[in-house]
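# Remarks on the overall topology
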Amino acid sequence: MDDSHPSYPLAAVAGVASVVLGAGVGELVAAVIDPTSSPFAAIGSALIDFAPPWAKDVAISLFGTNDKAALLTGIAIVVLGLAALAGVLEARFPPWGRVVVFVFGLAGVLAALTRADAGLLAWLPSAVAGVLAAWVLGLLVIRLRRIPVARPVAPAPSLAEPIEASRVGSTAIPRTPPPDATPRQARGPEGSARGPEGSARGPEGSAPGPRPDDGTSRRTFLLWTGAAAAIGILAGVGGTVLRGGSRSVAAVRNALKLPAPAKTAAPIPATADFRIPGLAPVITPNADFYRIDTALIVPQVDPATWKLRIHGLVDKEVTLTWDELIALPLQESTTTLTCVSNDVGGNLISNAVWLGYPIRDLLSRAGVSSSADMVLSTSIDGFTASTPLEALTDGRDAILAVGMNGEPLPAEHGFPVRMVVPGLYGYVSATKWVTDLEVTRFADASAYWTQRGWSERGPIKLESRIDVPRDGASVTAGTVMLAGVAWQQHVGVSGVEVQIDDGPWQKAELATAISDDTWVQWRLPWSAASGSHTVRCRATSATGEQQTSTQAPPAPDGASGWHQIAVSVV
Ligand SMILES: Nc1nc2c(c(=O)[nH]1)N[C@H]1C(S)=C(S)[C@@H](COP(=O)(O)O)O[C@H]1N2
Ligand SMILES: [Mo]
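Residues numbered from 1 in each chain as written. Chains lettered and ligands numbered in written order. Predicted model: local features only at pLDDT ≥ 70, side-chain atom pairs only at ≥ 80, totals over all residues. Heavy atoms only, no water.

### Comments concerning the overall build of the chain
Looking only at helices and strands, one finds 14 helices and 19 strands in the chain. Counting over 570 residues, the chain shows a buried share of 52%. When the accessible surface of the chain is split by element, carbon and sulfur atoms take 61% of a total near 24500 Å². (Helix = DSSP H or I, 4+ residues; strand = E, 2+ residues; numbered from the N terminus. Buried < 20%, exposed > 50% of the residue type's maximum accessible area, 1.4 Å probe, protein only. Areas by Shrake-Rupley, 256 points an atom, 1.4 Å probe, with all protein chains shown as cover.)

### Section: the UniProt feature "transmembrane region" (unreviewed entry) in the chain
Listed under "transmembrane region" (unreviewed entry) in the UniProt record, and renumbered for this structure, are residues 69-89, 96-114, 120-142 and 221-242. Between the end C-alpha atoms of residues 221-242 the distance is 31 Å, and the span holds 100% helix and 0% strand. (UniProt positions renumbered as here; feature names shortened; annotations may be inferred.)

### Thoughts on the sheet that holds strand E17 (residues 520-528)
One open sheet holds the four strands; their spatial order is E11-E13-E17-E16, and the pairing between them is antiparallel. Edge positions in the sheet fall to strand E11 (463-468) and strand E16 (509-510), since each has one partner strand and no second. Where strand E13 (residues 478-487) meets E17, nine bridges bridge the pair, whose relative direction is antiparallel. Its bridge partner lying in E17, Ala483 is registered against Arg523. (Pairing = 2+ DSSP bridges.)

### What to know about the packing of helix H4 (residues 67-92) against helix H5 (residues 96-113)
At a minimum axis distance of 6 Å, the contact between H4 and H5 shows a crossing angle of 150°. With respect to each other, H4 and H5 are oriented roughly antiparallel. Counted together, Val79, Leu82, Ala83, Ala86, Leu89 and Glu90 of H4 and Trp96, Gly97, Arg98, Val100, Val101 and Phe104 of H5 form the full contact between these two elements. Split into classes, the residues belonging to the contact of H4 with H5 amount to nine nonpolar, one polar and two charged. (Axes fitted to C-alpha atoms, helices over the stretch in contact; angles between N-to-C directions. Parallel < 35°, antiparallel > 145°, perpendicular 65-115°, else oblique. Contact = heavy atoms within 4.5 Å. Nonpolar A, V, L, I, M, F, W, Y, C, P; charged D, E, K, R; others polar.)

### Some details on unusual backbone geometry
Residue Pro95 is reached from Pro94 by a cis peptide bond, and omega for that bond is 5°. Relative to the helices and strands, Pro95 resides in the loop between H4 and H5. With an omega of -10°, the peptide bond between Val468 and Pro469 qualifies as cis. Within the fold, Pro469 resides in the loop between E11 and strand E12 (474-475). For His490, which is not glycine, the phi torsion reads 70° and is therefore positive. Note on placement: His490 falls in the loop between E13 and strand E14 (493-500).

Spelled out as structure tokens, the structure:
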């Protein structure tokens, strides 16, 4: 053991404590000035934006709609690991540890500044975090150096000893307090109440060093380190609480009353829903509606300040405010949204009754040039989607939506205004928190996911899914109801067939379709004999196309293949 350097484990703890302090205070500053400037969220968002195209796929297949929580957890682990390394680096090669910590901060600054919705002060929280963490790391390591390095004396500390004790108290450890122990030290076992950073525990409490100075300098170091970590955690928690408390937009939303539709959707026939337990209901409650987006922090857009600008290849620019939008005759339409990342059998598909205004009517107000073939929509956070102009003008229910299943859009589904276009995957059509429509051409502009390798156009593929029984389920022999959904929005579904093992394809019963723009339920009673069985399904579209058995992954333009499940009948 090399005794000429300070304890590396303690140095690592110092690194973690100073970064916890910096990050916590940074989050607090962000909460006060601008939630989207949160260093964490900024770095996470930058990672999302710069991640290679396949990474989205992997993240969504691994974590589904929990992909964001997984990302933030991953970032926290990596940052804390690097912080520990920076601490060791500072102890060994000062000032390089501080430089590393400062560069973290700088990365946060850059990430925050490059967010589309970055405010003027977006750089501040990460700058504060980096400078504070670097400064405090320097102070802590100075304290650490003041701990005299003791020479090891046999017996070597037990491996079961906590890590700090095995390094710091690497002298022979008296089991009883030394004569000069203060009453506080004598308390000893307080060490078991370990703080998050080991701060509440003075190893000296249970294992005081031989010289009084050891205890003092170690205690001072640990006190400072503990204080830094504790302040960081408090500030971080405070920031989170503050951000949660600034729910002014949520309050506006809750108080909001949408106008009654000028044109209501055709009533949903009772026969549209078989109401089979485990089968997706034909209308998805808002709380169950799938959510996919790149927004780590849900944008908070106040309708009072919301504006939509329509520009580009138009005769005259049009700007629309919230009050102007909801004064227009709004219409209801039922449209099923699907994510291009939906795997065969996946659940990134949901159906709602939307309330909104036809985009074609706004476009015709602006007067679209005949050279245009695309509308690039942009959200307040910079996400973009390229929608073929034709899909917006051919008469389908392509709308600027303000309502979802009878309420204002939930914040995470685009409050106050989003696009909904039947027939296209969400990434090329369903821009949430939309603020800008640029009439342009595919040859001249490209959208967020296209720049990351996904197809520039995204018509929804014909697909079907088995919901009951679940894959791998065990059912009782006899009549078993097989059921699921099938979709190809804006084309429609004319039939679903089911195959058990290698038997003949059997025609399933379709529920009443709400429209060609929605999914449709299917069911088929099956006389199940005991044993292991495979069940697969395929749909036929309203135009007679049969769902392909060719398996394709989600990238670049949507998954295909037959959904197949295994069922054991007992
Ligand atoms: N602003 C914004 N809008 C967005 C996205 C996004 O990342 N940001 N993702 C799109 C994608 S990929 C899909 S599938 C749909 C999902 O809409 P939902 O979350 O309401 O289900 O939103 C679309 N609109
Ligand atoms: Mo998507």
